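Notes for the structure review
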Amino acid sequence: MRYYFYLIFILMSCSTSGQETNKISESSLTDDEITKRYLEKGAWTLRYFSPEYQSYLDSAIHENPNIAYYYQQKAMPYFKLGKYEVGLKILEKAVELDPKSYIDYKAFIQCIFQKNYQNALESFITAKKIKGVNGYVMDHSYDFYIGLCYLQLNEFEKAVKYFEASISEMLKSNSESWVHHLDLLYAGIAFQELNNHEMAIKYFDRALKKYPNFSDVKYYKSISLFRLGLLEVADELLNSCELDFKRGFTINEDNAIYEKYPYQIKQFYIDMLRLTKR
């Protein structure tokens, strides 16, 4: 009996020793080694949407669960598949670990992908507190996205305020050539929603100087021209809009291949405007 208990003790010791060895082996990888093994030579060699991609990210997170970037990389394909709740649940961990790096990315996802504009507003306000009032994410200012959120919430005066702030800040630090055509498009749309068509056209014209074939701008400028009674000019511009739209000259953001942007036009918008002229 004594020999029996001694044998059990030896076996348990060996098992525990093996487990400890595995722990040491897992934790002995540096962050660079984890990234190279599971991302560079693993996930990044595959389609974003494959199960194996997720498996590699799970392995990286298992090796070191405190690297925010791994959670962002794991979440990203879900956004492009339209699985926003799944992706955001994962992304929250990245924000928790490194809010300065990922709070504005979360806000961008909420705004452009999930289209949860109230939550996006709150996230951008938090981003301003953490990273500064003049922050940028995905090539646009925080004020641009805040303006976009207000535009989508039908708070048009607030939208104008933030689009103009975004444009003003760019003019202050650079020049008109640096102002983005989307800032100008959406500022014009906000004024149009406020029935200020003269001001709307001024912004649309500035946008067309930067992007002369921008069909979306031509469409919204046509609306304002119709509303001002300039029917022939509006008809001519709408015809030009349709030609450019069919040639693919629309919103050209990188993420536009995954998501439609607010107020981005469709063919039936053009058809209806041609019929109603208002």
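Here, every reference points to the structure presented above.
Residues numbered from 1 in each chain as written. Predicted model: local features only at pLDDT ≥ 70, side-chain atom pairs only at ≥ 80, totals over all residues. Heavy atoms only, no water.

1. Observations regarding the overall build of the protein chain
For the protein chain, the helix and strand inventory stands at 14 helices and 2 strands. On C-alpha atoms alone, the protein chain measures out to a radius of gyration of 26 Å, which is more than a quarter above the 19 Å that the 2.2 N^0.38 rule sets for 278 residues. Across its three principal axes, the protein chain shows a C-alpha extent of roughly 105 × 35 × 30 Å. Counting only contacts in the protein chain whose residues sit at least 6 apart along the sequence, the fraction spanning at least 24 positions is 56%. Per element, the accessible surface of the protein chain, about 15,200 Å² overall, is 54% carbon and sulfur. Of the charged side chains in the protein chain, 34 are positive and 36 negative, and the gap between their average positions amounts to 1 Å. (Helix = DSSP H or I, 4+ residues; strand = E, 2+ residues; numbered from the N terminus. Rg over C-alpha atoms; globule rule 2.2 N^0.38 Å. Contact = heavy atoms within 4.5 Å. Areas by Shrake-Rupley, 256 points an atom, 1.4 Å probe, with all protein chains shown as cover. Lys, Arg positive; Asp, Glu negative; His and termini not counted. Charge placed at Lys NZ, Arg CZ, Asp CG, Glu CD.)

2. Some words on a negative patch on the surface
Taken together, D31, D32, E33 and E40 make up a surface patch of like negative charges. Mapped onto the elements, E40 comes out in helix α2 (residues 31-40). Of the residues examined, E40 reaches a relative accessible area of 42% and is grouped as partly exposed. (Patch = residues over 30% accessible without salt bridge, like charges linked within 9 Å, V, L, I, M, F, W, Y side chains within 5 Å. Salt bridge = Lys/Arg side-chain N within 4 Å of Asp/Glu carboxyl O. Buried < 20%, exposed > 50% of the residue type's maximum accessible area, 1.4 Å probe, protein only.)

3. What to know about the side chain of T35
Among the secondary structure elements, T35 is positioned in helix α2. Dropping the residues within four chain positions of it, T35 is found in contact with E40 and Y70.

4. What about the nonpolar core?
The tendency in soluble globular proteins is for nonpolar side chains to be buried side by side. Counting residues in hydrophobic clusters, the biggest one holds 84 residues, and the most contacted among them are F79, C111, L151, F163, L185, Y186 and Y219. Considering every element that reaches this core, the biggest residue donor is helix α6 (residues 99-114), with 9 residues. (Core = buried A, V, L, I, M, F, W, Y, C linked by side-chain atoms within 4.5 Å.)

5. Some thoughts on the packing of aromatic side chains
Throughout the structure, instances matching the rule amount to 19 aromatic pairs. Measuring from ring centre to ring centre gives 5.7 Å for F124 and Y142, while their planes differ by 50°; the resulting arrangement is tilted. Residue F124 is found in helix α7 (residues 117-131), and its partner Y142 is found in helix α8 (residues 142-152); the two are separated by 18 residues along the sequence. By relative accessible area, which is 0% here, Y142 ends up buried. Ring centres of F191 and Y203 lie 5.6 Å apart, and the angle between their planes is 15°; on these two criteria the pair is classed as stacked. In this pair, F191 is assigned in helix α10 (residues 181-193) and Y203 in helix α11 (residues 197-210), connecting sequence segments 12 residues apart. Exposure class is identical for F191 and Y203. Each is buried. An aromatic cluster of three or more residues is present, and its members are F108, F113, F124, Y142, F144, Y145, F163 and Y186. (Phe/Tyr/Trp six-rings, centres within 6.5 Å; stacked < 30°, edge-to-face > 60°.)

6. Some words on helix α4 (residues 68-80)
A turn of α-helix holds 3.6 residues, and therefore any two residues three or four places apart point the same way. Here α4 spans 19 Å end to end across 13 residues, near enough to the 18 Å set by a 1.5 Å rise per residue. With 11 of 13 residues buried, α4 lies mostly within the body of the structure. Taken together, the buried residues of α4 touch α2, α3 (51-63), α5 (84-97) and α6. Phi turns positive one or two residues past the end of α4, at G82, with a value near 80°. (Expected span 1.5 Å × (residues − 1).)

7. What to know about the environment of L184
Assignment of secondary structure puts L184 in helix α10. A relative accessible area of 0% means that L184 is categorised as buried. Between the alpha carbons of L184 and F163 there is a distance of 7.9 Å; along the sequence they are 21 residues apart.

8. Quick notes on a nonpolar patch on the surface
On the surface, a nonpolar cluster with roughly 480 Å² of combined accessible area is contributed by Y48, F49, L81, I257 and Y258. Here F49 lies in the loop between α2 and α3. You can call F49 partly exposed: its relative accessible area is 38%.

9. What about the environment of K221?
Position of K221 among the secondary structure elements: in helix α12 (residues 215-227). By relative accessible area, K221 is classed as buried at 16%. Here the alpha-carbon distance between K221 and E198, two residues 23 residues apart in the chain, equals 9.9 Å. When neighbours within four sequence positions are excluded, K221 is seen to be in contact with I201, F204, D205, L208 and L237. Engagement of the side chain of K221 in a polar contact is seen with the side chain of D205, the distance being 2.6 Å. (Polar contact = N/O pair within 3.5 Å; in protein donor to acceptor, adjacent residues only side chain to side chain.)

10. Considerations on α3
For α3, which comprises 13 residues, the first-to-last C-alpha distance of 19 Å matches the rise-based estimate of 18 Å (1.5 Å per residue) to within 8%. Turning to α3, its buried residues number three or more, namely Y53, Q54, L57, A60, I61 and E63.

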